[in-house]
Amino acid sequence: MKQKVHKTILLTGGAGFIGSHVVRLFVTKYANYKIINLDALTYAGNLENLSDVAQQENYSFIHGDITDAALLDSIFQEHQITHVIHLAAESHVDRSINDPLQFVKTNVIGTVQLLEACRKYWASDGDHLFYHVSTDEVYGSLGQTGLFTESTAYDPNSPYSASKASSDHFVRAYGETYGMPYIISNCSNNYGPHHFPEKLIPLFIKNILEEQPLPVYGDGNYTRDWLYVVDHAKAIDLAFHEGIPGETYNIGGHNEWRNIDLVHLLCDLMDDKLDRPIGSSRALISFVKDRPGHDLRYAIDATKIGNDLGWKPSVTFEEGLNKTLDWYLSHPSYLKTPAS
Ligand SMILES: Cc1cn([C@H]2C[C@H](O)[C@@H](COP(=O)(O)OP(=O)(O)O[C@H]3O[C@H](C)C(=O)[C@H](O)[C@H]3O)O2)c(=O)[nH]c1=O
């Protein structure tokens, strides 16, 4: 006997890195939900990320853009969407420096178009939720000490983080103005399988394999807080189901690394896995011109999601990094994906 469908979730950006891990978790865990993945398949989206779940009965894919209001109308009408998990975004800071308008289009206008569809099709007393996936970059840059909490003031520095901050503000504004039920989560740097090879970790894995230079920006003294992507997906699952509408949850690994230390670790692990003499990959390190407006340090205080919802990371950095490297070594074609 077929189970009753409890939620029909429009999940945007499900062919991307974080999105595909969230799709996989929801499709395999919730047989009684319908998961509709709406993805524009830009350079960073790849349906191969979902080849293991694509045939599941509770999953379907729609190729399209969140800025397309007519498409959103037809999806909401045809599928009676009850919930949205919004992950579709332009996400690479360096690209945002070269092409800020694309980030405004997708991250700001796309989010508002989605919110508009929800406002149009959701009854005020219905069982609905707009779950917005965002970043810790909205808080700007920390100095050597301190952590971002949910009450840290927004202070974005890059066109990317400004566009994400704006999208967060719009989600809150729809909550205040129209009573739209929403939850926002702001997460630190993710890593893991299926990460597009433009971001630090997969790019450097690719370059080590190809024995190409490893471009470390500035002096490499920038610090990021790294979280295994599957732990992020689990946090989203928890906050989506147990979180309080109108709240924000910060998600982070409590795992800070200076870029240069992380690059050294990556080099040594790769030398070991590739059976190359220790030091071969470090020799590829090349200090290059810094990223303009480069944020010095991000670090998350994840006390709230820990205390209120019982979330904590389950994968250690050593384990996660090893899994990630092994995945790339067994999927070398993924690193050949052309960036347009
Ligand atoms: C690509 C690259 C990066 N870097 C440095 C720049 C950063 O200090 C650090 C990580 O850079 P990446 O571009 O991988 O990630 P962030 O700029 O920290 O941003 C990432 O984490 C947040 C939370 C998001 O929300 C972004 O969507 C996500 O891209 O390595 C280099 O030194 N060389 C390189 O070639």
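- Under an unreviewed UniProt entry, the chain has the name dTDP-glucose 4,6-dehydratase and belongs to Nonlabens agnitus.
- Looking at the Cofactor (unreviewed entry) heading of the UniProt record, one finds this comment for the chain: "NAD(+)".
- Note on the chain: under the UniProt heading Sequence similarities (unreviewed entry), the record states "Belongs to the NAD(P)-dependent epimerase/dehydratase family. dTDP-glucose dehydratase subfamily."

1. Overview of the overall build of the chain
Argument step 1. On a plain count of helices and strands, the chain comes out with 10 helices and 12 strands.
Argument step 2. Relative to a compact globule of 340 residues, whose C-alpha radius of gyration would be 20 Å, the chain shows 20 Å and is just as compact.
Argument step 3. The dimensions of the chain, computed from C-alpha atoms along their principal axes, are 60 × 45 × 40 Å.
Argument step 4. Classification of the 340 residues of the chain by burial places 54% in the buried group.
Argument step 5. Taking the contacts inside the chain whose residues are at least 6 apart along the sequence as the reference set, 82% of them involve residues at least 24 apart.

2. Topic: a nonpolar patch on the surface
Argument step 1. Taken together, Leu101, Val104 and Ile109 make up a surface patch of nonpolar side chains, about 260 Å² in accessible area.
Argument step 2. Here Val104 is to be found in helix H4 (residues 100-121).
Argument step 3. Relative accessible area serves as the criterion here: at 35%, Val104 is assigned to the partly exposed category.

3. A look at the site of the ligand
Argument step 1. Ser91, Glu137, Tyr160, Arg291 and His294 are the nearest of the 24 residues found near the ligand.
Argument step 2. Residue Asn259 places a side-chain N or O atom 2.9 Å away from an oxygen atom belonging to the ligand.
Argument step 3. Protein burial of the ligand: of its 670 Å² of free accessible surface, 94% is covered by the chains.
Argument step 4. For the shell around the ligand, the elements supplying multiple residues, two or more each, are helix H6 (200-209) and strand E8 (214-217).
Argument step 5. For the shell around the ligand, the per-class residue count stands at 11 nonpolar, seven polar and six charged.

4. Some words on the pattern of salt bridges
Argument step 1. Summed over the entire model, instances satisfying the criterion amount to 15 salt bridges.
Argument step 2. The partner of Asp268 in a salt bridge is Arg282, with the nearest N and O atoms 2.7 Å apart. In this pair, Asp268 is assigned in helix H8 (residues 259-274) and Arg282 in the loop between H8 and strand E12 (285-288), connecting sequence segments 14 residues apart.
Argument step 3. Taking the relative accessible area as the measure of exposure, Asp268 reaches 22% and is therefore partly exposed.
Argument step 4. Of the residues examined, Arg282 reaches a relative accessible area of 36% and is grouped as partly exposed.

5. Description of the sheet that holds strand E3 (residues 59-63)
Argument step 1. Strand order in this open sheet of seven strands is E3-E2-E1-E4-E5-E6-E10, and the pairing throughout is parallel. The sheet is open, and its two edges are formed by E3 and strand E10 (248-251), each paired on a single side. Each neighbouring strand pair of the sheet contributes to a mean axis angle of 20°, computed without reference to strand direction.
Argument step 2. When strand E5 (residues 129-135) meets strand E6 (residues 182-187), the two strands line up parallel, connected through six bridges. Bridged to Phe130 within E6 is Tyr182.

Cut-offs used in this document
- Residues numbered from 1 in each chain as written.
- Predicted model: local features only at pLDDT ≥ 70, side-chain atom pairs only at ≥ 80, totals over all residues.
- Heavy atoms only, no water.
- UniProt positions renumbered as here; feature names shortened; annotations may be inferred.
- Helix = DSSP H or I, 4+ residues; strand = E, 2+ residues; numbered from the N terminus.
- Rg over C-alpha atoms; globule rule 2.2 N^0.38 Å.
- Buried < 20%, exposed > 50% of the residue type's maximum accessible area, 1.4 Å probe, protein only.
- Contact = heavy atoms within 4.5 Å.
- Patch = residues over 30% accessible without salt bridge, like charges linked within 9 Å, V, L, I, M, F, W, Y side chains within 5 Å.
- Areas by Shrake-Rupley, 256 points an atom, 1.4 Å probe, with all protein chains shown as cover.
- Salt bridge = Lys/Arg side-chain N within 4 Å of Asp/Glu carboxyl O.
- Near = heavy atom within 4 Å.
- Polar contact = N/O pair within 3.5 Å; in protein donor to acceptor, adjacent residues only side chain to side chain.
- Nonpolar A, V, L, I, M, F, W, Y, C, P; charged D, E, K, R; others polar.
- Pairing = 2+ DSSP bridges.
- Axes fitted to C-alpha atoms, helices over the stretch in contact; angles between N-to-C directions.

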